[in-house]
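As a plain string of letters, each chain reads:
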Amino acid sequence: MADQDLRVRLDNVRLSFPHIAEPQVQKDDQGKDKAPRYNAEFILTPDHPGWARYHAAVQAVAAQKWKDKAPLVLNMLQNERNKRKWGNGNEKVKKSTMQPYEGYVGNFYIGAASERMPQIFDAAGNLIPADNTMACKQEARRMYGGCRVNVVVKPWCWENNKGGNGVSNDFIAIQFL
């Protein structure tokens, strides 16, 4: 399966925790700054067709990476939320209240990040050239938590000696609806 085939377009999903106009600095397990990343989460209803397409792509990249062990690894990741970038909205809990975030209950979410700004499309579907940073940032600032967007993500698998195995998503493109 070609890399391009593993990209998943999610139409008309709700945007959450957006960092699209400016990248967000995050900390690693030792408290050190990681490279700044553009990131966001996307909330889908349980019957959203993108949810099934996304999981088919995850299974495909897992089969490429882990071969016949892919089902076992993916099953183990269900219990390790910090090693996967998707989940049941009920598990997306605010630490200060220990309650799920508003809008997540009864839904699913997919998170994505990238060191490069994702491709930005205007509401008419026109790509804003990446070298026009002012226009890209202006369009990105229109997107707020709770708005509806179309987005393209690309799942990929990783493994390392410290953290084990996981699945993350590249943040490829976004369009404000």
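Refer to the structure above for everything that follows.
Residues numbered from 1 in each chain as written. Predicted model: local features only at pLDDT ≥ 70, side-chain atom pairs only at ≥ 80, totals over all residues. Heavy atoms only, no water.

Visitor: What's the story with the pattern of salt bridges in this structure? I'm lost.
Guide: Side chains bearing opposite charge may pair, as long as their charged atoms lie close to each other. Enumeration over the complete set of coordinates arrives at 8 salt bridges. Where R84 meets E91, a salt bridge forms, and the shortest distance between an N and an O atom there is 2.8 Å. Members of the salt-bridge network, linked through shared partners, are E22, K137 and R141. (Salt bridge = Lys/Arg side-chain N within 4 Å of Asp/Glu carboxyl O.)

Visitor: Can you help me understand the side chain of K92 in this one?
Guide: Take K92: it is sitting in the loop between β3 (86-88) and β4 (93-94). Here the side chain of K92 touches E41 through a polar contact of 2.8 Å, side chain to side chain. In this structure K92 touches F17, E41, R81, Q99, P100, Y101, Y104 and Y109, once residues within four positions along its chain are discounted. (Helix = DSSP H or I, 4+ residues; strand = E, 2+ residues; numbered from the N terminus. Polar contact = N/O pair within 3.5 Å; in protein donor to acceptor, adjacent residues only side chain to side chain. Contact = heavy atoms within 4.5 Å.)

Visitor: Please explain the pairing of strand β9 (residues 148-160) as it appears in this structure.
Guide: Two strands pair when backbone bridges link them, and strand β1 (residues 8-24) and β9 are joined in this way by 5 bridges, in the antiparallel orientation. Across the sheet, residue L10 finds its bridge partner in β9, namely V151. Judged from the 12 bridges that link them, β9 and strand β10 (residues 164-176) form a sheet pairing that is antiparallel. Of the residues in β10, the one forming a bridge with V153 is F171. (Pairing = 2+ DSSP bridges.)

Visitor: Help me understand the nonpolar core in this model?
Guide: One recurring pattern in soluble globular proteins is that nonpolar side chains are buried together. Core analysis: the biggest nonpolar cluster contains 39 residues, and L15, F42, M143 and I174 have the highest contact counts within it. Those elements that provide at least two residues to this core are β1, β2 (37-44), α1 (49-66), α2 (70-77), β6 (108-114), α3 (133-141), β9 and β10. For this core, the element with the highest residue contribution is α1, accounting for 8 residues. Not counting the four nearest positions on each side in its chain, F42 is found in contact with V13, R14, L15, F108, Y109, I110, A112, V149, V151, V153, F171 and I174. (Core = buried A, V, L, I, M, F, W, Y, C linked by side-chain atoms within 4.5 Å. Buried < 20%, exposed > 50% of the residue type's maximum accessible area, 1.4 Å probe, protein only.)

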